[in-house]
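# Coordinates in review
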Amino acid sequence: MSGLGNNASGTPGEEKGASSMLGLGILKGLGVTLRNFLGSYRDPERLITVEYPEERLPLPEQSRAFPMLIYDGEDPIGGLRCVACKICEKECPSQCIYIVKDRDARGRPMKRPKIFDLDISTCMGCGICAEVCPFDSIKMDAAYERSAESRFERLLLRKEDLAKPNAYYHKIHPTEAAEADARLGIASPEPEAPPEGAPEKAA
Amino acid sequence: MSRQTEGQQFASALGMGNASPEGPRGDSPVLPPPAGPLYEAKPKPGSARAAEGETLEVAVGPHHPSTHGVFRMDVVLDGERIISLKPRFGYLHRNHEKLCEGGTYLMAIPYTDRLDYFCSLTNNWAYVLAVEKLAGVEAPERAEYLRVITAELTRLLNHSCLVGFLLQDMGAMGTPLMYAFREREKLVDLFEELTGARMMCNYMRFGGCRTDASAGWLERTRRVVDDFPRFLDEFEDLLTSNEILLARTQGVGKLSAELAINAGVTGPMLRASGVAYDIRKAAPYGIYERFAFRVPVGEHGDVYDRYMIRMLEMRESVRILKQALKEIPEGPVLNPKARRRNFRPPVGEAYGRLEAPKGELGFYLISDGSPRPYRFRIRAPSFINLTILEDMCLGHTLQDAVIILGSVDIVMGEVDR
Amino acid sequence: MDQLFVNLKAWAVGLFPQPVQLWVSMAISAGAIVGVFSGMFAFATWMERKGLGRFQNRLGPNRVGPWGLFQPVADGLKMLIKEDIVPRAADRGAHFLAPLLVVTPTVLAYAVLPMGRGMSAVDMEAGLLFFLAVGGLKEFGFLLAGWSSRNKYALLGALRALAQMISYEAPLVLAVVPVVMVAGTLSLAQIVELQGFGESGALAHWMAFTPWGAVGFVLFMIAATAESNRSPFDMPEGESEIIAGPMVEYSGFKYALFYLGEYMGLFAVSGLGATLFLGGWQAPVRFLAWFPSWGWFFLKLLFCLGLFIWLRATLPRLRVDQLMGLAWKFLLPMTLINLVGAGLWRWTEGAPAWYWEAARWAIGLGLPILGWRALSAAVFRPRRRRRVYRFAE
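Everything in this summary refers to the structure shown in the same document. Worth saying up front: this structure is predicted, and the values here are computed from it rather than measured.

### Here we look at the interface of chain A and chain B
Opposite the 30 residues of chain A that make contact, chain B presents 35 residues. When contributions to the side of chain A that touches chain B are tallied by element, the ones reaching two or more residues are helix H1 (24-42) and helix H3 (128-132) of chain A. A per-element tally of the side of chain A that touches chain B places H1(A) first, with six residues. Class assignment for the residues of the side of chain A that touches chain B results in 13 nonpolar, 12 polar and five charged.

### Details of the pairing of strand S2 (residues 72-78) of chain B
Residue and element names in this part refer to chain B. Taking every second residue as pointing to the same face, the buried face of S2 carries Met73, Val75 and Leu77, while none of Arg72, Asp74, Val76 and Asp78 on the other face is buried. Sheet analysis places strand S1 (residues 56-60) next to S2, joined by five bridges and oriented antiparallel. Across the sheet, the residue bridging to Val60 is Met73, located in S2. Direction of pairing for S2 relative to strand S3 (residues 81-88): antiparallel, over a ladder of seven bridges. By the bridge assignment, Asp78 is partnered in S3 with Arg81.

### Considerations on the nonpolar core
Counting residues in hydrophobic clusters, the biggest one holds 260 residues, and the most contacted among them are Leu69(A), Ala401(B) and Ala223(C). Not counting chain neighbours up to four residues away, the residues in contact with Ala401(B) comprise Met73(B), Val75(B), Ile82(B), Leu85(B), Cys393(B) and His396(B).

### Observations concerning the environment of Gly35(C)
Residue and element names in this part refer to chain C. Mapped onto the elements of the fold, Gly35 is located in helix H2 (residues 21-55). On the basis of neighbour count, Gly35 is assigned to the exposed category, with 10 C-beta atoms found within 10 Å. A C-alpha to C-alpha distance of 16 Å links Gly35 and Val24, two positions 11 residues apart in sequence.

### Quick word on helix H4 (residues 92-109) of chain C
All names here are of chain C. Its 18 residues place the ends of H4 28 Å apart at the C-alpha level, agreeing with the 26 Å of an ideal helix rising 1.5 Å per residue. Taken as a whole, H4 carries its principal kink of about 25 degrees at Ala98; the proline Pro99 stands between one and four residues after it. Within the span of H4, buried status applies to His95, Ala98, Pro99, Val102, Val103, Pro105, Thr106, Leu108 and Ala109.

### Comments concerning helix H13 (residues 303-327) of chain B
Here H13(B) is 25 residues long and its end C-alpha atoms lie 36 Å apart, about the 36 Å a rise of 1.5 Å per residue gives. The buried fraction of H13(B) is high, at 18 of 25 residues.

### With respect to the interface of chain C and chain B
Taken together, the 32 residues of chain C in the interface contact 38 residues of chain B. Per-element accounting of the side of chain C that touches chain B gives the leading share, four residues, to strand S1 (residues 387-392) of chain C. Partitioned by chemical class, the residues of the side of chain C that touches chain B number 13 nonpolar, seven polar and 12 charged. When strand S6 (residues 295-297) of chain B meets S1(C), the two strands line up antiparallel, connected through three bridges. The residue of S1(C) that forms the bridge with Pro296(B) is Phe391(C).

### Comments concerning the packing of H2(C) against helix H3 (residues 71-81) of chain C
Residue and element names in this part refer to chain C. Where H2 meets H3, the closest approach of the two axes is 8 Å, and the angle between their N-to-C directions is 115 degrees. The orientation of H2 relative to H3 falls into the category roughly perpendicular. Of the two possible hands of crossing, H2 and H3 adopt the one that is right-handed. On H3, the residues that touch Ala42, Thr45, Trp46 and Arg49 of H2 are Gln71, Pro72, Asp75 and Gly76. Here the residues of the contact of H2 with H3 are counted per class, giving three nonpolar, three polar and two charged.

Here is what the cut-offs are and how they apply
Residues numbered from 1 in each chain as written. Chains lettered and ligands numbered in written order. Predicted model: local features only at pLDDT ≥ 70, side-chain atom pairs only at ≥ 80, totals over all residues. Contact = placed C-beta atoms within 7 Å. Helix = DSSP H or I, 4+ residues; strand = E, 2+ residues; numbered from the N terminus. Nonpolar A, V, L, I, M, F, W, Y, C, P; charged D, E, K, R; others polar. Buried ≥ 20, exposed ≤ 12 C-beta atoms within 10 Å, placed from the backbone. Pairing = 2+ DSSP bridges. Core = buried A, V, L, I, M, F, W, Y, C linked by C-beta atoms within 7 Å. Expected span 1.5 Å × (residues − 1). Bend = angle between axes of the 7 residues up to and from the residue. Axes fitted to C-alpha atoms, helices over the stretch in contact; angles between N-to-C directions. Parallel < 35°, antiparallel > 145°, perpendicular 65-115°, else oblique. Left-handed = near helix turned anticlockwise from the far one by under 90°.

Written as structure tokens, this is what we have:
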């Protein structure tokens, strides 16, 4: 077990190689493929194909695709948790997030984004934005079907496209969302139906 | 930064790091170029024939079914024999090292996924090892176990797929490859459940791992690991004693131990040439000292040995996995002292290396105390293993060159970076 | 039922006046062969893809029609409407001619195959000879394709194809010779007749039911695999090395023609194997003789096709020099040994006592097995030592 030099100790080695008669190894291989051929008709372990558009595997909780912005309450834009602190913009490895802080009438910065754009042609779905966000605002969406009619359609996501209700977050990442709610001190939405009364606003 | 040239300003405007002429401490002068030619061309055995116009120059690649990505071999053939082979790479160059110098230490982790996209978890680990060395951060016990488990699962994945690809290059209609992918599917499902992504896992962090494994995940992993030897047996029945495979691989692409060491070859290729060198044993990292496992060593250094070493290594990986899955303790997976944002390691340099499935994967980092690495350098095993392709291929046929390339086990994402 | 197609043809020919009847008869036969075997080509591609899929634990084509049965139709349509590209540097005439030269001889070979009782287009005295001679013609097609494309891969593939097909013609012919020797005729129809039930007996007298016949069938199938460029002898195509070999510069329907030629050749050679060794259209046992003769022929054809698919799903490809070595150093001596075995068998026919019969079987089986062992030791042993792997702790 100690450090090893160039002298491999001669523990009983394993013999590998051919039989004496040409073709026996080939016959053995033919046996394996035949077993697989027959096995694919009755053993689901062997035939693991999932016929995708008709059947879909449930996504694991950790699953991630592109980021989304969580909002509380009914109003997708007004209820955004995002305070436009720009940490995700700075930490994004592929620099795909663009944020402009909103300003009130007197020009003072407000705690909400005026522009929150995400370029999913460069986003690599690493999830670092969700990891560094101190406000539990940006999270990873699990929706992976994002085909569009034309080539440049839906590549740039505005905050309207990114905003997702907290209930949706609970649906795809239940454990994570419950932890986030506990941190923020808000009531978790009822499963399935979003709550009627708007819960109190996030910090 | 007042002495910046225009080009440097441009570079830093692009976020390509701080390129000051002297090092961060002003003490690493630029080395003068070595005297004499860097590479001496070997005399070509068939040059007389070439002069007569009897040879055929074929550019195999960059778009060729069996060059494993965008890789080109400029081959000179005499009949079907190779008399010269020049590997040409760089088609997939993505400016990886400079890109990572432009970002923070955290930003580099998802990029390491994309080096060798089959083994993102070992890539993560190698980089994280280097950063941990640089900053003196330690990972908790459970995280170390999770790292070993994911790294060995990665080895299973890589080796089984490699054998599949090798047989595909040999013209086996994809059957071994499909079997390997059937097993790979189970492994990437595990990765997806643990890390959220099947290939680009982005799992490890300096000071631990990003997420914890649930008890259910460990149980499923145990089941997959216990089933794996059955697949290996089936695989070996199909391949190991197959006469065609033996005839194609034995004695083909021989690499002597001496040349392998001189060329810096590492990993299964080096061990197939008879050198018992495995970083898990020679310079243990993580918690590998705790596990009992053996390192298979070949002696001929041909394609068959490289294939067999990988088959035997998979069985050893299963052994490590069984031990690790039995012993894994409870606890946190992330060291709370390790910051992710505003992470500034002290000035210094570190080289973190580990035994990736393809060989020694090393990350060399120089820190100047800022949140960005001053220098970020990757020692990519498939790139270095590929450099001696010509020595292995000379005198063999074009058909052999394809399987020799397959047995080197390259991923162009790592070769070109 | 058995004579359904024969009677149909006779009725159709009878509709025409005497002087043109011969021509009409030939046209009907030719049309039937081209039609049936083109349809079978479509079916075989489906069967191969589906079968390969199952061998590899996949589903295979399943989108077009029930069980993906219309996949070949979709493929054919795609091939038809694709652009037909001829490289500027290519020799246009030869480039156009090559696929035709591959397909035509393979279709010609069907003329002498008895596909049922009395169902051969031409009952030629030297039918076997005709079959082998015509089968050798398609090499020109491959050479022409590789040469005219002016592509290095195509040229390499063409030369590989040429060397391979010429080499394997020798063992192919020699594997067939024992049948001719025992049957005493070159007419395929008569060879099939001989493999019937005879006066009595429940078991048919298939050639494959004798020791030399079984060995001959195996040797024939190996040589036939190489002759029709199938895996593990698909070096001419070698898609992982030389992409598609001679076909690399072909597209659209010309490319499909190459495949048509390949599969037609495969059916023809499978049909020949079935005719010579598996009793052609004869049923294996008497109580199954009610099944129409052409049905038996096509069942055997499908059986051989299944074998080819199975092999393709299992084996990697040989190297060119090893392929030649296998032909000249292994298959050729084996066929000669088999020839001796067949001679002994014929010579000792009608053994007087059971122990003579037993000795006859022992010799008949032992000779090829010993030969096989000796040859595999001599040809492949030096390269295939068992290996021991060390482990460092």
